[in-house]
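Understanding the architecture of this molecule
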Amino acid sequence: MYYINSATNREIRTFRDTLLRLHVWIYEDIPFIAVSYLGEDWTYDVTLTVATRDMKDVALTFISGEGNVVTLCLIDAQTNVIRAVRTLGLPEDAMKAIKDAGQAQLERYEDESEVLAVVNAVYERMSTVDVIARGTVYEFKRK
C-alpha cells in the first residue's frame, strides 16, 4: 500500500498504467524493494520483514507457498480511499530470491527490532535511488 496526499490524475494513471520497474535488492537477508516508472521521477520503496514473533506462522506460509502475486494499492492519505490498484505476477527468480531471504531472515534474526536496526542503518546512508541502482530489475507493462 502506498499512501499519497491528494493524488493527481497523472499520478493515478502513472501508478495504474505506466511501465513499472521493480528493483529487488537483498541485503543482510532483508529484501529492499523499490518501484520506479518509465519516464517519471516518482519512486518509492519498501522492505520485507518476516522475523516477527506475532506473525511467524504467516511468514512461514508466505515463504513455503507457491504464490507470486503482489498487489499494489495507491491510497489517498487524507481520505483513506483507494485511488488505483495494480496487480503484478513476479517472475519465479524474483519470488525465490525474496522467499529465500525471508527464510534466512527468520534463521538469522531473533525479532523484528534486529531487522529494523539493519533497515534503519541502510536508510541512514542510502536513498531509494541507491536501492534502485543496486537492485535486480523486473519490468511490468500494463496489459
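Our structure is the block above this text.
Thresholds applied
- Residues numbered from 1 in each chain as written.
- Predicted model: local features only at pLDDT ≥ 70, side-chain atom pairs only at ≥ 80, totals over all residues.
- Heavy atoms only, no water.
- Helix = DSSP H or I, 4+ residues; strand = E, 2+ residues; numbered from the N terminus.
- Rg over C-alpha atoms; globule rule 2.2 N^0.38 Å.
- Buried < 20%, exposed > 50% of the residue type's maximum accessible area, 1.4 Å probe, protein only.
- Areas by Shrake-Rupley, 256 points an atom, 1.4 Å probe, with all protein chains shown as cover.
- Lys, Arg positive; Asp, Glu negative; His and termini not counted.
- Charge placed at Lys NZ, Arg CZ, Asp CG, Glu CD.
- Core = buried A, V, L, I, M, F, W, Y, C linked by side-chain atoms within 4.5 Å.
- Contact = heavy atoms within 4.5 Å.
- Pairing = 2+ DSSP bridges.
- Polar contact = N/O pair within 3.5 Å; in protein donor to acceptor, adjacent residues only side chain to side chain.
- Arc of directions from axis to C-beta.
- Axes fitted to C-alpha atoms, helices over the stretch in contact; angles between N-to-C directions.

1. Observations concerning the overall build of the protein chain
Counting secondary structure elements, the protein chain contains 5 helices and 7 strands. When the helices and strands of the protein chain are read in sequence order from the N terminus, they spell out β-α-β-β-β-α-β-β-α-α-α-β. Since a compact globule built from 143 residues should have a radius of gyration of about 15 Å, the 16 Å found for the protein chain is in line with a globular shape. Over its C-alpha atoms, taken along the principal directions, the protein chain stretches across nearly 45 × 35 × 30 Å. Buried residues in the protein chain amount to 40% of all 143 residues. Surface summary for the protein chain: the accessible area is close to 8,300 Å², and the carbon and sulfur share equals 49%. The average position of the 16 basic charges and that of the 22 acidic charges among the side chains of the protein chain differ by 9 Å.

2. Some words on the nonpolar core
Core analysis: the largest hydrophobic core is formed by 22 residues, its most contacted members being Phe15, Leu20, Leu22 and Leu74. Elements with a minimum of two residues in this core: α1 (9–17), β2 (20–27), β3 (30–37), β5 (69–76), β6 (82–89), α3 (92–108) and β7 (136–140). Every residue in contact with Phe15, bar those within four places of it in the chain, is listed here: Tyr37, Trp42, Tyr44, Leu72, Cys73, Leu74, Ala84, Val85 and Arg86. Membership of the second largest hydrophobic core comes to 17 residues, among which are Ile63, Val118, Val122 and Met126.

3. Some remarks on the pairing of β6
Here β5 runs beside β6; their pairing, made up of 7 bridges, is antiparallel. Residue pairing in the sheet places Val69 in a bridge with Gly89 of β6.

4. Here's the deal with the environment of Asp29
Note on placement: Asp29 falls in the loop between β2 and β3. Expressed as a C-alpha distance, the spacing of Asp29 and Arg108, which sit 79 residues apart in the sequence, is 8.0 Å. When sequence neighbours within four positions are dropped, the list of residues in contact with Asp29 reads Ala101, Ala104, Gln105, Arg108 and Tyr109. Within the structure, Asp29 has its side chain in polar contact with the side chain of Arg108 (distance 3.1 Å).

5. Section: α1
Within α1, burial applies to Ile12, Thr14 and Phe15. Viewed along the axis of α1, the buried residues span an arc of 160°, placing them on a single side of the element. Seen from the buried face of α1, the exposed residues on the opposite side, beyond 90 degrees, are Asn9 and Arg10. Where α1 is buried, its residues touch β3, β4 (43–47), β5 and β6.

6. Some points on the sheet that holds β6
Judged by pairing direction, the sheet is mixed, and its 3 strands sit side by side in the order β1-β5-β6 without closing on themselves. A single partner strand is all that each edge strand has here, and the edge strands are β1 (2–4) and β6. Within the sheet, the average angular offset between the axes of one strand and its neighbour, ignoring direction, is 15°. Of the strand pairs in this sheet, β1 and β5 are connected by 3 bridges, and their pairing is parallel. Opposite Tyr2, over in β5, you have Leu74 as the bridge partner. Against the sheet, α1 engages β1, β5 and β6, with an angle of about 20° to β6.

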